[in-house]
Structure formats: structure tokens, C-alpha cells
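Structural characterization, general
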Amino acid sequence: MQQGSSSNSGQRLQVTVAGDEGSARLDRVLAVRLAQLSRSRLKALILAGSVTLKSAPVRDPAYHVSTGDTITIDVPEAVAAEPAGEAIALDIVYEDDDIIVIDKPRGLVVHPAAGHETGTLVNALIAHCGASLSGIGGVKRPGIVHRLDKDTTGLMVVAKNDRAHKSLTEQFADHGRTGAMRRGYMALVWGLPNRQRGTVDVPIDRHPYAREKMAVRDSGREAITHWEIQESFGGRDGKPVAALLACQLETGRTHQIRVHLAHIGHPLLGDGVYGPHFKTKASHLGPESQLALAALGRQALHAYLLALEHPQTGAIFEWISDFPEDLTLLRDCLRAAL
């Protein structure tokens, strides 16, 4: 049984442990019974002493409950959003009460961090969503469940409440192994792979010396990228100099596609972090392609496909985003040189 009441200071929920839940962990019982709250939110409430049993706080998420226990959860009112909202224009592809899907432009940082305290996607979403945001993690803010690099363009989904945050987090953790989640990218890379399609399955971790970079390392976390050739482009001598690859992620590590494609010898065009030694290859391009690449000023990567199960209705949604103008120009110049 689950009961709830609310007041100006927040909400009080009560859960009575059912027979089949006896001896289960506290956090697991609450996660199943209180679907509107994310696991991270529940853990924070437990550690803060906001979850009580027989009027005494239970601060251990691994505490084993007993059949018939009545657990009280005091959920405080969400505090004001930090950082502040800012009036930044967004290209909104879809929005409802639970999620918002945006087509992120180049140059937009997702979350405030050192050197980017303002002007981020989070600042924009706080201003756009206003009071519709729920208390994700105890703070009124959008629920960021995945990120795109500052200069990677394309589709992103953001949760607007705890229930959506929990569902999307689980879907991204699964990455389509058992569910509907799919994330597709288009990448313009140097060279032409020696087969039509392939998979890069090597772990990724922080670079041992350059901490702003990631690297393939045995100590890293599992990372799997599937790729397939869509087009190839010839250079001045007629030999393949670049290719357009469609990539799908089975995991979601920082800089995953950039690291993996560089690892197999095909770094992204314009990627000065993971493909600096390929700059000289620009001399093999036609003059218009060279100018388009120089004007690009970023890695040639675009998140063109996003599919997921709606957190509230269960309906399967799929969105497609066309190449932005700068990548379209580069691709068209490469085509014209054939």
C-alpha cells in the first residue's frame, strides 16, 4: 500500500512492505513502489534521514525491510534552480509534460562547468520550462541523461520530471539491448575503412596524461560503437581520402565515437583533439573542400537519430535531424570533387 499527503513544505509518502518484498533492500523496494522518484533522488533522501521506520531514520539504502513495515518518506519541496535560467533560443523538435527534444547547435555547452558557468543548454531549459520542471534530485532543473560535446550538433532528449528522468536513465543504460533506445550519428572521417561495416569494442578511460581527453585503455569502461560506410570521397589523385560513416552507440562514454574512430585510423575531419596528425591530409582535398574544412572549425559529427520509449505512455518515438549547414557544405564540396 502507498499513501501520500502534501503540504507547503513538500510531500509525505508512506509505503507498507508487502509479503513478497520482505527481506528486500530498502532502496529497491522504494524504487519499485515510488516510480515517480528516481533512484538517485531516493538514495539522497535515505542518506539525508528523510526516510523513517517506526519514527527512526533509516540512513542505509541496503537496509533489509520486513513484511508489514510502514516506511515514511518526507520529500521536501524542490529548491530554486541553480544555475539561473537564461533566455537562449532553442530549436525544439518535440515537447510535452515529460520530455523535451532539442536539436543542439554547435558551440552550445550542455551543462555549466568551469569556464562555462553561463550560456549553457541547462540555463536555456530552466528559462524555457519555468515552473513545469519537477524537483529532479531535489532541485528544480532539467534532467540531463546524456550529453553531446560542445561542438557536436544534433538531437538530445531532456527529462522534465523525476518519473521521466528515471525512465530515460534506464533506457540510456540499456542502450537498445532490450528496449527501443537508439542513437545514431553521422561522421565525416579521414580515409576509407577496408570493409563496409564494423564494430569497435574497446574500453575507454581518461587519458593518463591529458586529463581533458579520453583514450582507449584496458582499465576503462566497456565501450561499443557500430559503424557503416554511407559514402566515400576521392581526393586530388582520385584515391579515397574521406568517408561518411553512420554510427550507432551501444554504450555512451565521453567522446566515444571520436576516440573509437581515431583508434581504427579514421579520425573525424576537423577533430583537432583526436586527429591532429591528419591535418596534412587536407592537402589531398580539392580547393573548395579545403576551404569548407577550414571554415568548419569543429569535429564533423552530428547526432542525426534518436529513438526511445516515452516515459509516460510507452509509445515509441523516433526523430531524425538533417545535417546542419556547415556539415552540408563540407559534404557537398567533397562530393563535387569526385
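In this text the structure is predicted, and so the values were computed from the model without any measurement.

**Some points on the overall build of the protein chain**
- A count of helical and extended segments in the protein chain gives 7 helices and 17 strands.
- Its C-alpha atoms put the protein chain at 80 × 40 × 40 Å along the principal axes.
- Relative to its full complement of 338 residues, the protein chain shows a buried share of 48%.
- Long-range pairs, those at least 24 residues apart, make up 67% of the contacts in the protein chain between residues at least 6 apart in sequence.
- Approximately 16000 Å² of the protein chain is accessible, and the part contributed by carbon and sulfur atoms is 49%.
- In the protein chain, 37 positive and 38 negative side-chain charges are present, and the distance between their average locations comes to 5 Å.

**A word on the pairing of strand E14 (residues 224-234)**
- With 5 bridges joining them, strand E11 (residues 197-201) and E14 adopt antiparallel strand pairing. The residue bridging Val200 from the neighbouring strand is Thr225, located in E14.
- Across 9 bridges, E14 lies against strand E15 (residues 240-249) in antiparallel orientation. Each residue of the ladder has a partner; that of Gly234, found in E15, is Pro240.
- Between E14 and E15, which follow one another and run antiparallel, lie 5 residues, and Gly238 among them has a positive phi close to 85°.

**Digging into the pattern of salt bridges**
- This structure, assessed with the given rule, holds 15 salt bridges.
- Glu250 is the salt-bridge partner of Arg177, the closest N and O atoms lying 3.6 Å from each other. Placement of the pair is Arg177 in the loop between helix H4 (162-174) and strand E10 (182-190) and Glu250 in the loop between E15 and helix H5 (256-263), with a sequence separation of 73 residues.
- With relative accessibility at 22%, the residue Glu250 sits in the partly exposed group.
- Salt bridges here are not isolated pairs; linked through shared partners, they connect Glu231, Arg331, Asp332 and Arg335.

**Topic: the environment of Ser219**
- Its place among the elements puts Ser219 in the loop between strand E13 (214-216) and E14.
- For Ser219 and Ile257, which are 38 residues apart along the polypeptide, the C-alpha to C-alpha distance reads 18 Å.
- Within the structure, the side chain of Ser219 is placed 3.3 Å from the side chain of Asp205, a separation counted as a polar contact.

**What to know about the packing of helix H1 (residues 26-33) against helix H2 (residues 39-47)**
- As a packed pair, H1 and H2 sit with axes 10 Å apart at the nearest point and diverge in direction by 130°. It follows that H1 is oblique to H2 by the angle criterion. At the point where H1 passes H2, the crossing takes the right-handed sense. Taken together, the residues of H2 that come into contact with H1 (itself represented by Leu26, Asp27, Leu30 and Ala31) are Arg39, Leu42 and Ile46.
- Looking at side-chain class alone, the contact of H1 with H2 contains 5 nonpolar, no polar and 2 charged residues.

**So, H1**
- The buried fraction of H1 amounts to 6 of the 8 residues, a majority that puts the element mostly inside the structure.
- Residues of H1 that are buried: Leu26, Asp27, Val29, Leu30, Ala31 and Arg33.

**Here's the deal with H4**
- Counted at 1.5 Å a residue, the expected span for H4 with its 13 residues is 18 Å, and the 18 Å between its end C-alpha atoms agrees.
- If you check which residues of H4 are buried, you get Asp162, Ala164, His165, Lys166, Ser167, Leu168, Gln171, Phe172 and Asp174.
- With a side-chain oxygen positioned 3.3 Å from the backbone nitrogen of Arg163, the residue opening H4 is Asn161.
- Once H4 finishes, His175 follows within two positions and takes phi at roughly 50°, a positive value.

**Quick notes on the packing of helix H6 (residues 287-296) against helix H7 (residues 325-336)**
- Contact pair H6 / H7: the axes reach a minimum separation of 8 Å and the direction vectors enclose 160°. As judged from the angle between their axes, H6 and H7 are roughly antiparallel. Where H6 crosses over H7, the handedness of that crossing is left-handed. For the pair H6 and H7, contact is made by Glu288, Ser289, Ala292, Leu293 and Leu296 and by Asp326, Leu327, Leu329, Leu330, Cys333 and Leu334, respectively.
- Considered class by class, the residues forming the contact of H6 with H7 number 8 nonpolar, 1 polar and 2 charged.

**Considering the packing of aromatic side chains**
- Scanning the entire structure with this criterion turns up 3 aromatic pairs.
- With a centroid separation of 5.1 Å and an interplanar angle of 50°, the aromatic rings of Tyr94 and Phe317 are classed as tilted. With Tyr94 in strand E6 (residues 92-95) and Phe317 in strand E17 (residues 316-320), this residue pair connects regions lying 223 residues apart in the sequence.
- Of the residues examined, Tyr94 reaches a relative accessible area of 22% and is grouped as partly exposed.
- Taken together, a centroid distance of 5.7 Å and an interplanar angle of 45° make the contact between Tyr94 and Trp319 tilted.

Reading guide: rules and limits
- Residues numbered from 1 in each chain as written.
- Predicted model: local features only at pLDDT ≥ 70, side-chain atom pairs only at ≥ 80, totals over all residues.
- Heavy atoms only, no water.
- Helix = DSSP H or I, 4+ residues; strand = E, 2+ residues; numbered from the N terminus.
- Buried < 20%, exposed > 50% of the residue type's maximum accessible area, 1.4 Å probe, protein only.
- Contact = heavy atoms within 4.5 Å.
- Areas by Shrake-Rupley, 256 points an atom, 1.4 Å probe, with all protein chains shown as cover.
- Lys, Arg positive; Asp, Glu negative; His and termini not counted.
- Charge placed at Lys NZ, Arg CZ, Asp CG, Glu CD.
- Pairing = 2+ DSSP bridges.
- Salt bridge = Lys/Arg side-chain N within 4 Å of Asp/Glu carboxyl O.
- Polar contact = N/O pair within 3.5 Å; in protein donor to acceptor, adjacent residues only side chain to side chain.
- Axes fitted to C-alpha atoms, helices over the stretch in contact; angles between N-to-C directions.
- Parallel < 35°, antiparallel > 145°, perpendicular 65-115°, else oblique.
- Left-handed = near helix turned anticlockwise from the far one by under 90°.
- Nonpolar A, V, L, I, M, F, W, Y, C, P; charged D, E, K, R; others polar.
- Expected span 1.5 Å × (residues − 1).
- Phe/Tyr/Trp six-rings, centres within 6.5 Å; stacked < 30°, edge-to-face > 60°.

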